[in-house]
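# A structural walkthrough
Each chain, letter by letter, is given below.
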Amino acid sequence: SGRPAATDSTRPAGRGIRPSLEGPGLAALTAWVDQVAALTQPDRIHWVDGSAAENDALLREMVDEGKLIKLNPEWRPGSYLARSHPSDVARLESRTYIASEREEDAGPTNNWIAPAEIRQTLDGVFEGSMRGRTMYVVPFSMGAVGGPLSHIGVQVTDSAYAVASIGIMTRVGTAVLKQIAAGAPWVKTVHSVGAPLAPGEADVAWPCNDEKYIVHFPDTLEVWSYGSGYGGNAILAKKCFALRIASVIGRDEGWLAEHMLLIRVIDPKGKAYHVAAAFPSACGKTNLAMLRPTIPGWRVETLGDDITWIRPGEDGRLWAINPEAGFFGVAPGTGESTNVTAVETLWGNTIFTNVALRPDGDVWWEGLTDEAPPHLTDWEGNDWTPASGRPAAHPNSRFTVAAAQCPQIADDWETPEGVPLDVILFGGRRATNVPLVLEATDWSHGVFLGSTVSSEKTAAQEGTVGELRRDPFAMLPFCGYNMGDYFGHWLKVGEKLRFDRAPRIFQVNWFRKGDDGRFLWPGFGDNARVIDWIIRRVDGQVEAVDSPIGRLPRVEDLDLTGLDLPEADLAELFAVDTESWLAEADLTEEFFDTFGSHLPAALRTELAALRYRLQRV
Ligand code: GTP
Ligand code: SPV
Ligand code: MN
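In this report, the structure presented in the accompanying data block is examined. (Residues numbered from 1 in each chain as written. Chains lettered and ligands numbered in written order. Predicted model: local features only at pLDDT ≥ 70, side-chain atom pairs only at ≥ 80, totals over all residues. Heavy atoms only, no water.)

## Here's the deal with the coordination of the manganese ion (ligand 3)
Which entries qualify depends on this criterion: Note on donors: an N, O or S atom is included if it sits within 2.8 Å of the metal, or within 3.2 Å for Na, K and Ca, and water is never included, so sites can look incomplete. Sites are called tetrahedral only when four donors show all angles between 85 and 135 degrees, square planar or octahedral only when four or six donors show opposite pairs over 155 degrees and all other angles between 65 and 115, and irregular in any remaining case. Working definition: helices are DSSP H or I runs of at least four residues, strands are E runs of at least two. Numbering for both runs from the N terminus. Burial classes follow relative accessibility: with a 1.4 Å probe on protein chains only, a residue under 20% of its type's maximum area counts as buried, one over 50% as exposed, and anything between as partly exposed.
Coordination of the manganese ion (ligand 3) by the protein comes from Lys 239 (NZ), His 259 (NE2) and Asp 306 (OD), over a distance range of 2.1 to 2.6 Å. Classification of the site at the manganese ion (ligand 3) as irregular follows from its 6 donor atoms and the range of 62 to 174° in their angles at the metal. For the manganese ion (ligand 3), all donor residues lie on one chain, and their spacing in sequence is K-x19-H-x46-D. With His 259 in the loop between strand E12 (256-258) and strand E13 (260-266) and Asp 306 in the loop between strand E15 (299-304) and strand E16 (308-312), this residue pair connects regions lying 47 residues apart in the sequence. A relative accessible area of 1% places His 259 in the buried class.

## Regarding the packing of helix H2 (residues 52-64) against helix H5 (residues 160-169)
Under the convention used in this document: To define axes, lines are fitted to C-alpha atoms, for helices over the stretch in contact only, and angles between the resulting N-to-C directions are given on a 0 to 180 degree scale. With the far helix as reference, a near helix turned anticlockwise by less than a right angle produces a left-handed crossing, and one turned clockwise produces a right-handed crossing. Note on contacts: a residue pair is in contact if any heavy atoms of the two residues lie within 4.5 Å.
H5 packs onto H2 with a crossing angle of 145° between their chain directions and a minimal axis gap of 10 Å. Here H2 runs over H5; the crossing is left-handed. Each of Asn 55, Leu 58, Leu 59 and Met 62 in H2 lies in contact with H5, whose residues at this interface are Ala 160, Tyr 161, Val 163 and Ala 164.

## Considerations on the pairing of strand E31 (residues 544-547)
For clarity, the cut-off: The rule for pairing is simple: two strands pair if DSSP sees at least two bridges between them.
Across 4 bridges, the pairing between E31 and strand E32 (residues 550-553) is antiparallel. Looking at E32, one finds that Asp 546 is bridged to Arg 551. If you look at the hairpin formed by E31 and E32, you'll find 2 residues sitting between the two strands.

## Regarding the sheet that holds strand E19 (residues 351-353)
Here 5 strands make up an open sheet; going across it, the order is E2-E3-E19-E24-E18 and the pairing mixed. Every other strand in the sheet has two partners, leaving strand E2 (69-70) and strand E18 (326-330) as the edge strands with one partner each. Both E19 and strand E24 (residues 398-402) contribute to a ladder of 3 bridges, which runs antiparallel. Within the sheet, the bridge partner assigned to Ile 351 lies in E24 and is Thr 400. Helix-sheet contacts for H5 involve strand E3 (80-82), E18, E19 and E24, and the interaxial angle to E24 is about 55°.

## What to know about the site of ligand 1
We apply this condition: Any residue with at least one heavy atom within 4 Å of a molecule or strand is counted as near it. We define a polar contact as two N or O atoms separated by no more than 3.5 Å, with the added condition that, inside protein, one atom must be a possible hydrogen donor and the other a possible acceptor, whereas residues neighbouring each other in sequence contribute only through side-chain atom pairs. Under the convention used here, a 1.4 Å probe and the Shrake-Rupley method define accessible areas, while residue burial counts only the protein chains that appear.
Looking at ligand 1, there are 22 residues lining it, with Ala 282, Lys 285, Thr 286, Asn 287 and Arg 398 nearest. Interatomic distance of 2.8 Å between a side-chain N/O atom of Lys 285 and an oxygen atom of ligand 1. Here ligand 1, which alone exposes 650 Å², has 92% of that area covered by the protein.

## Things to note about the sheet that holds E16
Two modes of strand pairing occur in sheets, parallel and antiparallel, and in both the strands are linked by backbone hydrogen bonds. As summarised here, the arrangement of the 4 strands in space is E12-E16-E17-E25, forming an open sheet in which the pairing is antiparallel. Each edge of the sheet is formed by a strand with only one pairing partner; in this case those strands are E12 and strand E25 (419-420). Of the strand pairs in this sheet, E16 and strand E17 (residues 318-321) are connected by 4 bridges, and their pairing is antiparallel. By the bridge assignment, Ile 310 is partnered in E17 with Ala 320.

Geometric values such as these leave the question of function open.
Put into structure tokens, the structure is as follows:
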């Protein structure tokens, strides 16, 4: 189009004008913003200050433009529904790249692309990509602003939906800008939906592009994302920065950026323990983060539900923070009987994406109530009844809500120095083989358990739901460097810990199924029974039974009171079948081989020891 490019970000934009801050760091930021604007050619530039008034105006504008549906405030005050384009509903692992200088640094689990090559591609697609739109400049902090474990970034985006989401998921605005002005280092992230508007052209509800790129430059600490407006593809502070880029920073600085929930568990005597748990996408992190124990006396306080940054302290312990400020959680399956805490968290001030709309202006999704309402509008905007034969909400439909709204959030959840970890859990969605709970014998066995996690695919990424794949540390799609080196980094971090202060590592599996296809374990609030055993192990109150794959509970040590669990199911939950584990060990060897010389020797030793123990049975 013949529209003149707005390359001068000092030009008054009517609102959100470049703030009049002083400081050595500001020049670099404004120069970069000008450079991105020169490439993408937006009509306007809006510097986000993070104020409530700004957020209100943004949401109102999106409603006026048909990009959000305002929910009935009587049921859901301050809340909105977004319906994505039907093709833009999840993370796109096939379009996600690590553009490290050396291919080896991306490793076999990532899509590598040469930086020079992809820069050329990106320059092409981003040229003029924001024409007719507003370019928002969003300074954000992961972790409390100025905290010792915190990191800062800036996202430039042409998506108002992304801005509203980042505002919930992170700490945005002027306080962060002041840090940048003062010279704090920051990570550059650029996002465009890739849908420029010609003069006078009407916008659509969910602009996006068929061509998509989510590209990470670990050597220069940059993210460039094009074509998608969805979650992990568009809220770049989350998976792109807080995991892929942060894992690289952590490798270089000696800490860990993990796909983990973080909770404080309080036992009946009032003693507190901190637990971090890595489960793959849509495998139960948010649910465990908001656990309401079904056994008396136990309490859980929520600290985080998706990402945890972990740093070894001078005291030989691991200290952990949740770098996020909100939850971007899976809606389906979230209901009174499974996660009442989430239901309560969502009372208002929530952005829902791809859930169903009720005739009374509230939302619904499969599992919110046992029975579906008789009539709904489905996530694509079509009429829906229970007889429609398709889900009303998309299986990866989500809610975006501030963590502070969680009724069981820990009072000190934003503590900048973090909490000391007592327990680390690894889990996945496994219908067979993996027992309900298993304890690692030591740190390197724990790292072995993390490195061998496999899980059935869910709707959180593109592809076939149910297909089994390796997802080490639940980080397969999120590790920004060579996964073999990442295993080595975990081992190295372990060496920095005092042996009596390192967290104990366990593997859990809530998803084992019987031959008839039903879950053997009730899950959800009853997972507290497993946590109870884990805590008593940590405290040295109960013995464990050695098995070839690790330490298992004695059945009598599990608190199963009030649970209607058939004896046969209980046995099946802990069954270790030698043949299938030997077969699994063969697959692990194949998997390990893909890392070549990057695989730490200690993990080969663990595999050999596992086979030895299995063959001795
Ligand atoms: P991401 O946000 O994608 O990282 O997912 P997540 O790991 O936070 O998963 P979440 O807690 O949202 O759970 C995903 C799905 O698993 C939901 O449909 C839950 O209802 C279901 N789920 C969670 N915990 C359990 C459990 O203990 N047992 C069973 N059977 N299902 C569970
Ligand atoms: C996940 O897929 O692990 C999520 C959702 O938490 S997203 O932010 O889209 O990555
Ligand atoms: Mn996640």
